[in-house]
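Overview (structure and organization)
The primary structure of each chain is shown beneath.
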Amino acid sequence: MKKDIHPNYQPVVFWDITSDYKFLSKSTMTSNETIEWEDGNTYPVIKLDVSAKSHPFFTGKKLVLDTAGRVEKFNRRVAKSKEMRNQK
C-alpha cells in the first residue's frame, strides 16, 4: 500500500441522539467532539439521527399513514376537475 494516502481508521463512538444509544466501532470518520467511553479512554463522537435502536423497521414501531385521507383528497380533486370540465 502507498503511504499517506489512506484515511486514519480509528475507534469512534457513534451516538444515536434520538434513543440515546451509544456504541463503539471503528471508522474513518472524524469529529472535534470527544466522549469518555466505559473503558476510560476518550474517543471522537459522531452523532446520528437514526440507528437500529430508533429506526421503525428494527424497533417494530410502524408509522401509520393516513391513506384514507389521501384517497378522499384525491377523489375531491378529481371531482372538482370534472366539474370544471363540464362547465366549459
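Residues numbered from 1 in each chain as written. Predicted model: local features only at pLDDT ≥ 70, side-chain atom pairs only at ≥ 80, totals over all residues. Heavy atoms only, no water.

**Digging into the pattern of salt bridges**
The tally for this structure, following the rule as stated, stands at one salt bridge. Lys47 is the partner of Glu33 in a salt bridge, and the nearest nitrogen-oxygen pair spans 3.3 Å. Of this pair, Glu33 sits in the loop between strand S2 (21-27) and strand S3 (34-36) while Lys47 is found in strand S4 (residues 42-48), placing the two residues 14 residues apart along the sequence. Note on Glu33: relative accessible area 42%, which makes it partly exposed. (Salt bridge = Lys/Arg side-chain N within 4 Å of Asp/Glu carboxyl O. Helix = DSSP H or I, 4+ residues; strand = E, 2+ residues; numbered from the N terminus. Buried < 20%, exposed > 50% of the residue type's maximum accessible area, 1.4 Å probe, protein only.)

**Details of the sheet that holds strand S1 (residues 10-16)**
With respect to topology, four strands assemble into an open sheet ordered S2-S1-S4-S3, the strand pairing being mixed. Two strands lie at the open edges of the sheet, namely S2 and S3, each paired on one side alone. Neighbouring strand axes in the sheet, compared pairwise and without regard to direction, differ in orientation by 45° on average. Here S3 runs beside S4; their pairing, made up of three bridges, is antiparallel. (Pairing = 2+ DSSP bridges. Axes fitted to C-alpha atoms, helices over the stretch in contact; angles between N-to-C directions.)

**Structural notes on the environment of Lys26**
If you trace the backbone, Lys26 turns up in strand S2. Between the C-alpha atoms of Lys26 and Tyr9, which are 17 residues apart in sequence, the distance is 6.5 Å. In this view, Lys26 contacts Tyr9, Gln10, Pro11 and Val12; residues no more than four positions away in its chain are not counted. (Contact = heavy atoms within 4.5 Å.)

**Structural notes on the confidence of the model for the protein**
On average, residues of the protein score 85 in pLDDT, and 83% of them are at 70 or above. When mean pLDDT is compared element by element in the protein, S3 scores highest at 95, while helix H1 (residues 56-59) scores lowest at 64. (pLDDT = per-residue confidence, 0-100.)

**Points about the side chain of Gln10**
Here Gln10 shows up in strand S1. Engagement of the side chain of Gln10 in a polar contact is seen with the side chain of Asn8, the distance being 3.4 Å. (Polar contact = N/O pair within 3.5 Å; in protein donor to acceptor, adjacent residues only side chain to side chain.)

**Some details on the pairing of S2**
In terms of strand pairing, S1 meets S2 through seven bridges, oriented antiparallel. Across the sheet, residue Val12 finds its bridge partner in S2, namely Ser25.

**Comments concerning the environment of Thr42**
Relative to the helices and strands, Thr42 is located in strand S4. The class of Thr42 is exposed, set by a relative accessible area of 52%. Sequence spacing of Thr42 and Val12 is 30 residues, and the spatial spacing of their C-alpha atoms is 9.3 Å.

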